[in-house]
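# Observations on the three-dimensional arrangement
Read off the chains here:
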Amino acid sequence: MFWYDHGMSGWGWFGASLGMIVFWGLIITVAVLLYRAFTRSDRSDSVSAGTWTPSAQTSPEQLLAERFARGEIDAEEYQRCLRVLRSHGADLTKH
């Protein structure tokens, strides 16, 4: 009962090829996500899930330099905050 000849049409080949690409793409994506989930390090000084927590050894000047490097503050604000830290640094750490 082969009413449609013995082969696939052009659209059949296209659909099968697209389905195979999607299938392997999903398999690879799941494998990569599982690998990343099981090998993730939970260090406090790393960037994880979009949050950043400084380590205990990080000085205020280093934090300011990192904010400047990430583009959170401009050069003028960096210089202003650096002057404040250096002039009042001893007072700020006594709390």
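This is a predicted model, so every value here is computed, not measured.

### Some details on the overall build of the protein
Across its full length, the protein carries 3 helices and 2 strands. Taken from N to C terminus, the helices and strands of the protein fall in the order α-β-β-α-α. Buried positions account for 7% of the 95 residues belonging to the protein. Summed over all atoms, the accessible surface of the protein reaches about 8,600 Å², with 63% contributed by carbon and sulfur.

### With respect to the confidence of the model for the protein
The predicted model of the protein averages 79 in pLDDT, with 68% of residues at 70 or higher. Taken element by element, the predicted model of the protein shows its lowest mean pLDDT in strand 1 (residues 47-48) (50) and its highest in helix 1 (residues 10-38) (92).

### A closer look at the nonpolar core
Leu64, Ile73, Tyr78, Leu82 and Leu85 together form the largest nonpolar core, which totals 5 residues. Take this core: its biggest share by element is 3 residues, from helix 3 (residues 75-92). When neighbours within four sequence positions are excluded, Tyr78 is seen to be in contact with Leu64, Ala65, Phe68 and Ile73.

About the criteria used
- Residues numbered from 1 in each chain as written.
- Predicted model: local features only at pLDDT ≥ 70, side-chain atom pairs only at ≥ 80, totals over all residues.
- Heavy atoms only, no water.
- Helix = DSSP H or I, 4+ residues; strand = E, 2+ residues; numbered from the N terminus.
- Buried < 20%, exposed > 50% of the residue type's maximum accessible area, 1.4 Å probe, protein only.
- Areas by Shrake-Rupley, 256 points an atom, 1.4 Å probe, with all protein chains shown as cover.
- pLDDT = per-residue confidence, 0-100.
- Core = buried A, V, L, I, M, F, W, Y, C linked by side-chain atoms within 4.5 Å.
- Contact = heavy atoms within 4.5 Å.

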